[in-house]
Amino acid sequence: MDNLRIELTQHPKKKPGKGDKLGFGTVFTDHMMLMEYDRGIGWHDARIVPYGNISLSPASTVLHYAQETFEGMKAYRSTDGRVLLFRPEENFKRLNRSNERLCIPALDVDFCVESLKELVMIDKDWIPEAEGSSLYIRPFIIGNESKLGVKEADNYIYCVLLSPSGAYYESGLKPVPIYVEEEYVRAVRGGTGFAKTGGNYACSLRAQTVAHEKGYSQVLWLDGVEKKYVGEVGAMNIFFVIDGEVITPELDGSILPGITRMSMMELLRRDGYKVTERQIAIQEVADAYDAGKLDEMFGTGTAAVISPVGELKWGDKIMKINNGEIGPISAHAYKELTDIQWGRAKGPDGWSVEIGHM
Ligand SMILES: *Cc1c(COP(=O)(O)O)cnc(C)c1O
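In this text, all values refer to a predicted model and were calculated from it rather than measured experimentally.

Caption draft 1: Structural detail: the site of the ligand. Near the ligand you find 15 residues, and of these Lys196, Tyr201, Glu232, Thr260 and Thr302 are the closest. Residue Lys196 places a side-chain N or O atom 2.7 Å away from an oxygen atom belonging to the ligand. Within the side chain of Tyr201, a nitrogen or oxygen atom sits 2.5 Å from an oxygen atom of the ligand. Coverage of the ligand by the protein amounts to 97% of the 380 Å² it exposes when considered alone. In this structure, the ligand is accommodated by the largest pocket. Among the residues forming the shell around the ligand, the class breakdown is five nonpolar, six polar and four charged.

Below is the structure:
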């Protein structure tokens, strides 16, 4: 690409070995992507450079007013050595929808996808090999004007980090316990819930911490106005299987439009399941449970793909779902999607994007 400068590191780091535990988001590759925006000039100076710290003015917009957006996606290594991305243009289209909401200037989606391919191929030796592991990709943008006045920044930094990450489930797909959050809310319609922005996480940390203290892995968020309708969980969208029908809350502006969510709905419909997007009240879920019709419940997101819910607590009511075991539809959906992502099966056109070989 002629508008992308590449500066390779002179000091490559030691890559994690085959047996090393990778965890999530702590190890970074040798390179990263950077690009700046200045009002009047536009996005400029795109470059791949050695991974390192970036320097900001202490008055930088993002540090005070959280003008930030991000994405999360993965590069996968197939057993026959192909390097694959999953629907990458969807991530950058979503990044632009988040940008619009946060008054951040739009990016060129094709340029983001093409420069990402270059970056991943430069650091392809960092894509881990172990079953279920992948190279996590974190594009993000920060407002970076040195000025304390509250307004959209005139200057921005776009950055992409790569981080080898281990299999989300080291010991198989284990259903998690979650509870319905009745005190705190994550987002409201008209707010920023549909945007992938750090502020949504900042305000969710308190609930997350309390949940961990109580021995739960996540909270199930309700709508921020009536606290009646189901939203999503942590960094995942939520699905219920009620009497054989797969149901997920409709996108009402307060829910993050997950790419895993969208892909899961398409796959399950293709495979003949009835999939419905609609408002669903927590009372309806409890009623379905009492009637013996709450068959399965699972979260979806890039990190875990699927996270089955084994226990749902709502006030004093404890609902044990499918005996705390992964259900047949969850297991089927997990296998179908991961087979496509890791290149073991051919998915719908354009889903798995081969960008090179090891
Ligand atoms: C990223 C994210 C998701 C999942 O989106 P995917 O595109 O499937 O990874 C769900 N909820 C929130 C709040 C998120 O930030």
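Next comes the rest of the write-up.
Caption draft 2: Expanded view of the pattern of salt bridges. All told, the structure shown has 26 salt bridges when counted by the stated rule. In this structure, Glu114 and Lys117 form a salt bridge, with 3.2 Å as the shortest nitrogen-oxygen distance. On the criterion of helical spacing, the pair formed by Glu114 and Lys117 is a turn pair, its members being three residues apart in helix α3 (residues 109-122). Among the residues examined, Lys117 registers a relative accessible area of 21% and is labelled partly exposed. Where Asp154 meets Lys151, a salt bridge forms, and the shortest distance between an N and an O atom there is 3.7 Å. Residue class for Asp154 comes out partly exposed when judged on its relative accessible area of 26%. On the basis of relative accessibility, which here comes to 35%, the residue Lys151 falls in the partly exposed class.

Caption draft 3: Inspection of the side chain of Ser163 at higher detail. In this structure, Ser163 sits in strand β8 (residues 155-165). For Ser163, a relative accessible area of 2% corresponds to the buried category. Within polar-contact distance, the side chain of Ser163 engages the backbone oxygen of Val27 at 2.7 Å. In this structure, Ser163 is in contact with Gly25, Thr26, Val27, Phe28, Ser134, Leu135 and Tyr136, ignoring residues within four places of it in sequence.

Caption draft 4: Spotlight on the nonpolar core. Met33, Phe92, Val120, Ile137 and Tyr158 are the most contacted members of the largest nonpolar core, which has 36 residues in total. Core analysis: the second largest hydrophobic core is formed by 27 residues, Tyr169, Val176, Val180 and Met297 among them.

Analysis parameters
- Residues numbered from 1 in each chain as written.
- Predicted model: local features only at pLDDT ≥ 70, side-chain atom pairs only at ≥ 80, totals over all residues.
- Heavy atoms only, no water.
- Near = heavy atom within 4 Å.
- Polar contact = N/O pair within 3.5 Å; in protein donor to acceptor, adjacent residues only side chain to side chain.
- Areas by Shrake-Rupley, 256 points an atom, 1.4 Å probe, with all protein chains shown as cover.
- 1 Å grid on protein atoms, 1.4 Å probe; cavity = no way out; pocket = protein on both sides within 12 Å on 5 of 7 lines; lining within 4 Å.
- Sits in = over half its atoms within 2 Å of the grid points.
- Nonpolar A, V, L, I, M, F, W, Y, C, P; charged D, E, K, R; others polar.
- Salt bridge = Lys/Arg side-chain N within 4 Å of Asp/Glu carboxyl O.
- Helix = DSSP H or I, 4+ residues; strand = E, 2+ residues; numbered from the N terminus.
- Buried < 20%, exposed > 50% of the residue type's maximum accessible area, 1.4 Å probe, protein only.
- Contact = heavy atoms within 4.5 Å.
- Core = buried A, V, L, I, M, F, W, Y, C linked by side-chain atoms within 4.5 Å.

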